[in-house]
Amino acid sequence: MIKSTLKQGEVYDLRSALALLAAYPDELISTDVEADPDAEISGVYRHVGARGTVMRPTKLGPAMLFNTVKGFPNVRVLIGLLASRQRVARLLGVAADKLGFLLKDSVNNPISPVVIPAEQASCQQVVHLASTPGFDIRKLLPAPTNTEEDAGPYFTMGMCYASDPETGASDVTIHRLCVQSADEISMYFVPGRHLDAFRMKAEAAGHALPISISIGVDPAIEIGACFEPPTTPLGFDELAVAGSLRNQPVELVNCVCVNARAIANAEIVIEGELIANYRVREDQNTNTGKAMPEFPGYTGEAKQAVPVIKVKAITHRKQPILQTVIGPSEEHVNMAGIPTEASILDMVERAMPGRLLNVYAHPSGGGKYLAVMQFKKSLLSDEGRQRQAALLAFAAFGELKHVILVDEDVDLFDTDDVLWAMQTRYQGDISTVFIPGVRCHPLDPSQSPAFNPQLQDVGISCKTIFDCTVPFKLKAQFQRSQFKEVDVTRFIPGFTP
Ligand code: MN
């Protein structure tokens, strides 16, 4: 089992995470120049620390803290906290290539959250009740509008937490939340999300569903929240993954106004209720037809009818930090991708121990669409098991679209090396496996009946395995050139490869 090298309690909230990063020269930068949350913050950040599939030019770079936000003298905005694999590795205390293994072990050894008294909860230092005259989310919090054509301002890094109205089991996930009015926020659910299951149960009974949205928390929570079934089935509280990652339970506090709990040391908490049988058009205020930039690199379409959270209160720390993310970024890759890697490692290891050496949820697919799997064949009877492992990966993570299989001598984190394997160890007609007509993820625009009339619905796709492994019998003919091991520093002092 992999253990974090961080001391217990070293990182437990957003501010301790930022303090840890401040010790490195290249992980966090801040600016005091006034920034407009309306399209400017994300416009700057794209050049500083975004990558993924965002429109070029983009970079892999530090997280960025905007200390002066136009119109909001008491709130700072943080973007890109998790937007490099190396940075996530530092925040979780493990080598970057072992993150998937750490998450796998954590989900298998969950530590449930605990509730602490309100007096100890820093997220309730300042309380704004929606019943107070003049209450307006838009004046309290600088939710960024990420591009000029977005439907509106969005909270993108809110840990949405609610409970099953029948069983009481809780679930945490991240959703796109668009500010619609002084006290209303729309909430978009990709079909199948657990909070949506709770919402539908409440709605069927004619009730509102209490919900809390905690913004600016320990990054372990943000990564753990992105697990999906079957790894974390309905009823599995993903906050317990973060508890395991930190070896101490996440602390919750009862909300001030609604029957829900929030993350006690969050920077900001929005308390509210998902109203039964009430929907709004996502872009009702702007009529742009677009929502916001999503992880596949395109701006998602505004939905015609989305559920609405009626906000009852906003609580926050003094001088709170509003954390945000842009969808097409390395940050999304890490949040979605590392739990994907953990899920695949877990399922394949159960089925065929010792063969799958590692998995990389590649940035080009936002951490969801493409997995590179490094598989070691040791016996003739392992031939074909690499493809079985790929099938298991599709089962472990339903939104996965493509798998590239490589051998143990290929660096799966190096795209050039993976494509080298495809050029020299792959024959299109016999090395490709098509699995047509399987549901994937609705935000991939190629997954539509317009693209392929054989597709029955948006979000159905052809899952494909690209088997770039050498046939076991031919391994001897596929040895990479072996250069002599030498000491380069004898020729170039101080040289590091
Ligand atoms: Mn869940």
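Residues numbered from 1 in each chain as written. Predicted model: local features only at pLDDT ≥ 70, side-chain atom pairs only at ≥ 80, totals over all residues. Heavy atoms only, no water.

Draft legend 1. Quick peek at the nonpolar core. Within the largest apolar cluster, 56 residues are counted, with the highest numbers of intra-cluster contacts made by Leu103 and Ile263. With five residues, helix H1 (residues 14-22) is the single largest residue contributor to this core. For Leu103, the residues in contact, after removing those within four places along its chain, are Leu92, Ile223, Phe227, Val241, Leu245, Ile338 and Ala342. Core analysis: the second largest hydrophobic core is formed by 40 residues, Ala50, Ala143, Val179 and Leu274 among them. (Core = buried A, V, L, I, M, F, W, Y, C linked by side-chain atoms within 4.5 Å. Buried < 20%, exposed > 50% of the residue type's maximum accessible area, 1.4 Å probe, protein only. Helix = DSSP H or I, 4+ residues; strand = E, 2+ residues; numbered from the N terminus. Contact = heavy atoms within 4.5 Å.)

Draft legend 2. Quick peek at the sheet that holds strand E20 (residues 370-375). Strand order in the open sheet made by the five strands is E19-E20-E21-E23-E22, with mixed pairing throughout. Among the strands making up the open sheet, the edge pair consists of strand E19 (356-361) and strand E22 (432-439). Neighbour to neighbour, the strand axes of the sheet diverge by 15 degrees on average, direction disregarded. Direction of pairing for E22 relative to strand E23 (residues 460-467): antiparallel, over a ladder of six bridges. Note on E23: the bridge partner recorded for Val433 is Ile465. Docked against the sheet, helix H9 (residues 330-351) engages E19 and E20, running at close to 155 degrees with respect to E19. Its contacts with the sheet place helix H11 (residues 415-424) against E20, strand E21 (402-406) and E23, and it is angled at close to 80 degrees to E21. (Pairing = 2+ DSSP bridges. Axes fitted to C-alpha atoms, helices over the stretch in contact; angles between N-to-C directions.)

Draft legend 3. Structural detail: the packing of H1 against helix H3 (residues 85-92). Where H1 meets H3, the axes come as close as 10 Å, and the angle between the chain directions of the two elements is 115 degrees. It follows that H1 is roughly perpendicular to H3 by the angle criterion. Crossing geometry of H1 relative to H3 is assigned as right-handed. When H1 is examined against H3, the residues Ala17, Leu20 and Leu21 are found in contact with a partner set consisting of Arg87, Arg90 and Leu91. In the contact of H1 with H3, the residues fall into four nonpolar, no polar and two charged. (Parallel < 35°, antiparallel > 145°, perpendicular 65-115°, else oblique. Left-handed = near helix turned anticlockwise from the far one by under 90°. Nonpolar A, V, L, I, M, F, W, Y, C, P; charged D, E, K, R; others polar.)

Draft legend 4. How the structure looks around the coordination of the manganese ion. Protein coordination of the manganese ion is provided by Asp171 (OD), His194 (ND1) and Glu238 (OE), with donor distances spanning 2.1 to 2.3 Å. When the donor residues of the manganese ion are listed from N- to C-terminus, their spacing reads D-x22-H-x43-E. With Asp171 in strand E8 (residues 170-174) and His194 in helix H6 (residues 194-204), this pair connects stretches of sequence that are 23 residues apart. Summarising the burial analysis for this pair, Asp171 and His194 share the class buried. (Donors = N, O, S within 2.8 Å, 3.2 Å for Na, K, Ca; no water.)

Draft legend 5. Here's a closer look at the packing of helix H4 (residues 99-108) against H9. Interhelical geometry of H4 versus H9 gives an angle of 70 degrees and a closest axis separation of 8 Å. Here H4 lies roughly perpendicular to H9, going by the angle between them. Of the residues in H9, those touching H4 at Leu99, Gly100, Phe101, Leu103, Lys104 and Asn108 are Ile338, Glu341, Ala342, Leu345, Asp346 and Arg350. In terms of residue class, the contact of H4 with H9 is built from six nonpolar, two polar and four charged.

Draft legend 6. How the structure looks around the pattern of salt bridges. Within this structure, the stated rule accounts for 40 salt bridges. Across the salt bridge formed by Asp97 and Lys98, the nearest N and O atoms sit 3.9 Å from each other. On the basis of relative accessibility, which here comes to 33%, the residue Lys98 falls in the partly exposed class. Measuring nitrogen to oxygen at the nearest pair gives 3.3 Å for the salt bridge that ties Glu228 to Arg193. You can see Glu228 sitting in the loop between helix H7 (219-224) and helix H8 (239-246) and its partner Arg193 sitting in the loop between strand E10 (184-188) and H6, a full 35 residues away along the chain. Each member of the pair, Glu228 together with Arg193, is buried. Taken together, the shared-partner salt bridges in this structure form one network comprising Asp13, Arg15, Glu267 and Arg317. (Salt bridge = Lys/Arg side-chain N within 4 Å of Asp/Glu carboxyl O.)

Shape descriptors only; they carry no functional weight alone.
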